[in-house]
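# Results of the structural survey
Listed below, chain by chain, are the residues.
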Amino acid sequence: MFDAVGPRTAMKSQTDTSASGTQLDWPEPLSPDAPLPHRKVIRSWLIPLSQRVTWRAIWLLALDYTLWLGLLAGVVLADAVWLKALCGLAAGFVIGRLFIIGHDACHQSLTPHRRLNKWLGRIAFLPSLTAYSLWDMGHNVVHHGFTNLKGVDFVWAPLTQAEYAALPPARRALERLYRSGWGPGVYYMVEIWWKKMMFPSPAQSGGTHRAIFTRDCLLVSGFGLLWATGITAAALATGQSVALMLVCGLVLPLLFWFHMVGFVIYGHHTHVRVKWHDERGAWQRAQPFVSTTVHLTFPLRIGALVHHIMEHTAHHVDMSIPLYRLKDAQKALEHLLPERIIVQPFSWRWYFDTARACKLYDFSRQCWTDFRGRATGPALLPAA
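Residues numbered from 1 in each chain as written. Predicted model: local features only at pLDDT ≥ 70, side-chain atom pairs only at ≥ 80, totals over all residues. Heavy atoms only, no water.

## Focus: the overall build of the chain
Under the convention used in this document: In this text, helices come from DSSP runs of H or I with a minimum length of four residues, and strands from runs of E with a minimum of two, each type numbered from the N-terminal end. In this treatment the radius of gyration is a C-alpha quantity, and the globule benchmark scales as 2.2 Å times the residue count to the 0.38 power. Exposure classes here rest on a 1.4 Å probe applied to the protein chains alone. A residue is buried below 20% of its type maximum, exposed above 50%, and partly exposed in between. Pairs of residues are marked as contacts when any of their non-hydrogen atoms sit within 4.5 Å. Using the Shrake-Rupley algorithm and a 1.4 Å probe, accessible areas are obtained, with residue cover drawn only from the displayed protein chains.
Helix and strand counts for the chain come out as 16 helices and six strands. Relative to the 2.2 N^0.38 estimate, which gives 21 Å for 384 residues, the radius of gyration of the chain is 22 Å and therefore close to what a compact globule would have. Counting the 384 residues in the chain, one finds 52% classified as buried. For the chain, long-range pairs separated by at least 24 residues make up 65% of all intrachain contacts whose partners lie at least 6 apart in sequence. Within the structure as shown, the chain displays about 17,500 Å² of accessible surface, and the carbon and sulfur contribution to it stands at 64%.

## Describing the pattern of salt bridges
Two side chains of opposite charge can pair, provided their charged atoms sit close to one another. Rule in force here: By definition here, a salt bridge exists when the distance from a side-chain nitrogen of Lys or Arg to a carboxyl oxygen of Asp or Glu is within 4 Å.
Scanning all chains against the criterion turns up eleven salt bridges. Across the salt bridge formed by aspartate 216 and arginine 122, the nearest N and O atoms sit 2.9 Å from each other. Of this pair, aspartate 216 sits in helix α9 (residues 211–237) while arginine 122 sits in helix α4 (residues 114–125); the two residues are 94 residues apart in sequence, bridging distant segments of the chain. One exposure class covers both aspartate 216 and arginine 122, and it is buried. Between arginine 356 and aspartate 353 there is a salt bridge whose closest N-O contact spans 2.3 Å. With a gap of three residues between them, arginine 356 and aspartate 353 both fall in helix α16 (residues 348–357), about one helical turn apart. Linked by salt bridges that have partners in common, Arg171, Glu175, Arg179, Glu191 and Lys195 make up one network.

Now the structure itself:
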């Protein structure tokens, strides 16, 4: 039976064992045409997978920091410029891994200890120059609280054709770049990091200013200065070009990181089947924690290399599930809610097809359109 958090629906129970050895007891899969249970009911199925382990979190953080520092050492010690650049790009990828650990800590899903999570999150966020408290407000409160609700959730929020037409030419060109398939990194760097994570104006921080915002911005700025100083000192000590070392040891890692996170977030919430809403009642009825996320699947265990952050539906259903249990949680949801979750095998062809299709959004028909307003995705309502 379901819990008493809503209609009690009789369902057969079955037992399974997760990849981590956790015993799971859940109901039979829900019929695709049955009403979707309340979020609390769905989360109750995943309770065994929300257990957090402190030693595992610290080990992951230490491992990724070791990899990052080792790759920066490679930038200093490598002789060939191409190898220095390769180490710098790989360091950017590891920054992404560290960020995902910090993201978990910010959700209080990394360890069972709230204060420890705050410290581990700030430490993990340092190489990505992410202010912990600002990310907490923008991501946890706004994005997760109001996913794909136009006017509240700002992450990859699509413009309407009228909004796009009203933009000045330079801003329209920027919007075309952002949604070209080549611009997610530029989008994240400008619209998220620069505007909202680095000493944001009151307008960019939702009219809220707290002293902790400034302290966290100063913390990451100081870390960035220390990073640049360390690279410069290493270049001088080894008789190498300071400019080359800064490019390979600082600029390339950050640029790779911006493109990586922009691509990941775009892939999480952009798909012709993903709907946006501009009316809160309709948004609530759409159960947005399931209908607004995409599970991108990759070959060769690439998902494990990014700490399973692409198992994103499970994360939106229950933010308390740690990254090392997301794979099991996603598998459970897709088994229990067949045909409800968007599962998309990744390919570059699909990615650029999506970028061509998902330019603007028509809220009257609830579908994606191109820049001319022509529907490119399945419309749920006829044109007004």
